[in-house]
Amino acid sequence: MSWLFGYGKNNQQPPDLSQLGLAVPPASSDGGGGAPDEPKLSKSERKAMEAYRFDSSALERAAQAAKELERSKHAKEALELSKLQEVTRQAEYQTKIKEYEAGIAQMQVEAKRTEGEEKRKNMQEETRQHQQRAQYQDQLSRKRYDDQLLQQQRINEENLRRQEESVAKQEAMRKATIEHEMELRSQNEMKRIEAELKAKAKVDRENRDLILEQIKLKAAENRVTVLESIKTAGSVLGSGAHALLTDWDKVVAAAAGMSLLALGVYTAKGATGVTARYVEARLGKPSLVRETSRFSFLETLKHPISSLKKLRQQPGDALSGVVLAPQLEERLRDVAIATKNTKHNKGMYRNILMHGPPGTGKTMFARKLAKHSGMDYAILTGGDVAPMGRDGVTAIHKVFDWANSSRKGLLLFVDEADAFLRKRSSETISEDLRATLNAFLYRTGDQSGKFMLVLASNTPEQFDWAVNDRLDEMVEFILPGLQERERLLRLYFDKFVLEPAIEGKRRLKVDKFDYGDLCIKMAGMTEGMSGREIAKLGVAWQAAAYASEDGVLTEKMVLDRVNDAITQHKQKVEWQSEQEEAKSGYHSKKDTPILPLSSKTDS
């Protein structure tokens, strides 16, 4: 109830008692309880006096209000109201105190957090500084260690240089000593030889007369011995001739003996030649034949296992394993069927020329054709004929005699036939090669039911006109197209990679990739390559897997080998001259990009 006594009059208003029927009379400005007029003071004095002034009017008003409040019927309610106001004010003060304490606690927590953050930052800074110091110390130690190593290396190099110099000096001294010793030995040897020569010359001069006398005696004895031998031989031959001429029976016997001896020698020589030719035709094979499937007694003795395998082989498809263009396959299949039926019906065989770029399958098809028709085959090469010279004619006749003795029929395949079947009119050939060509033309002038002639050449325009006249059919083998290259790639990928990997006996595995799509991609890359080059790709893939650490063939390895083959193919094409391109008819497209290819081998 501080308002009753005038406390806090500047901060609080007195309660409104008019509602309780209590009215506080207004203080009169004059007389009664009013304060007496103050003397006039200065402003500073007035301010100083106000600190000691006591306002008694407020106490009077409070006493009067208290009296009126006691007389009022609402005095009790007013007191309760003032108590409630005081309690509320105390509660507010307590709340403020708690808020202040909470603020203080929060400030303490914030101070501790700030202190912890500062400590953490200080620790981080100390740690960073410690690390920097440690790094700096480590750098210093490393530098010192490097300096020590460098110094030690310099010391070692200096020691090594000194040792080398010492060794070089010792070696020079040793060489000088050896050279001096050799020089002394040489001088001594020269003096010894000179002394020996002088002594020998002196002895020879002293014994010259004696040596001449000995030579004369030996010559006289030799002359006497020769004369006596001549006299003895002449007397013996003279007595024998006289005895033979005087006795006619001995003359007749001697003539008959000489005649019989000569007849025996010539008869044995002729019989031996006939027997040798018969044995060679029946049991052996001519020297010009490089490879044959025909049974030979001598070859059987040399290679019994391979000969038995040849006997067990059954006729197969002529185009199995051969990948060619569809039109060419159809034509060759007709040739194979006609050849097989010709043999079955014992008709006359037709002569065939197969021409085209190298590696397109000519030799392979010739082997397949012979096996398909049930015939034997023999492979010759034209390059073996020219070096034989005069023996070429005999060798050609031996080949055709041997071919005519075949009971199953023989397919005679001549590879690189243009090497000796050249034009006689425009080409400059030797007389021996011309005679060999004439012998070949003589033996192939008529159709044969014993052998079938198949010629292969990359330059058929070089053939003599008479050779072309003996050909019944000409087949051109071209480079594989896109589809053929894809088939070849699949074929050789299966043969050289997948089959060995499936067997598991070899050090070869295949990484996971779609090799079908890869073959399609490589087929587009390998334009212009032959079947033989594509077959070599299969071998290259296999070799790449064998050369790897784990034996696994990856897609990257496959493409790398293809790119290598493309580069090599480009180099081969660049080496080919324009004249070779014009003769072979195989243009390399040097001005166009060549992509790598992978396909199958032919001949």
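Here is what the cut-offs are and how they apply
Residues numbered from 1 in each chain as written. Predicted model: local features only at pLDDT ≥ 70, side-chain atom pairs only at ≥ 80, totals over all residues. Heavy atoms only, no water. Pairing = 2+ DSSP bridges. Helix = DSSP H or I, 4+ residues; strand = E, 2+ residues; numbered from the N terminus. Contact = heavy atoms within 4.5 Å. Axes fitted to C-alpha atoms, helices over the stretch in contact; angles between N-to-C directions. pLDDT = per-residue confidence, 0-100. Salt bridge = Lys/Arg side-chain N within 4 Å of Asp/Glu carboxyl O. Buried < 20%, exposed > 50% of the residue type's maximum accessible area, 1.4 Å probe, protein only.

With that out of the way, let us pick up the sheet that holds strand β1 (residues 291-292). Where strands meet in a sheet, backbone hydrogen bonds hold them as pairs that are either parallel or antiparallel. Within the open sheet, the six strands sit side by side as β1-β3-β4-β5-β2-β6. Their pairing is mixed. Looking at which strands have only one partner, the edges of the open sheet turn out to be β1 and β6 (473-476). Note: strand β2 (residues 352-355) against β6, four bridges, orientation parallel. Each bridged residue has a counterpart across the sheet, and for L353 the counterpart in β6 is M474. Along the sheet, helix α7 (residues 326-344) contacts β2, β5 (451-457) and β6; its crossing angle with β6, the most-contacted strand, is approximately 145 degrees. Relative to strand β4 (residues 410-415), helix α9 (residues 391-404) is tilted by about 150 degrees, and along the sheet it contacts β1, β3 (376-381), β4 and β5.

Attention now moves to the confidence of the model for the protein chain. On average, residues of the protein chain score 78 in pLDDT, and 79% of them reach the 70 mark or higher. Mean pLDDT values over the elements of the protein chain span from 50, in helix α16 (residues 578-584), up to 90, in β2. Predicted confidence is poor over residues 1-15, with pLDDT under 50, and the contacts of this stretch with residues over four places away or in other chains come to 14 contacts.

Applying the stated criterion across every chain, the model contains 23 salt bridges. Measuring nitrogen to oxygen at the nearest pair gives 3.5 Å for the salt bridge that ties D376 to K408. Separated by 32 residues along the polypeptide, D376 in strand β3 and K408 in the loop between α9 and β4 bring together distant segments of the chain. Each of E158, R161, R162 and E165 takes part in salt bridges that share partners, so that together they form one network.

Another aspect to go through is unusual backbone geometry. The phi angle of most residues is negative, glycine excepted, and most peptide bonds adopt the trans form. Although it is not a glycine, K346 sits at a positive phi angle of roughly 55 degrees. Relative to the assigned elements, K346 resides in the loop between α7 and β2. Using a relative accessible area of 77% as the deciding quantity, one classes K346 as exposed. For E416, which is not glycine, the phi torsion reads 50 degrees and is therefore positive.

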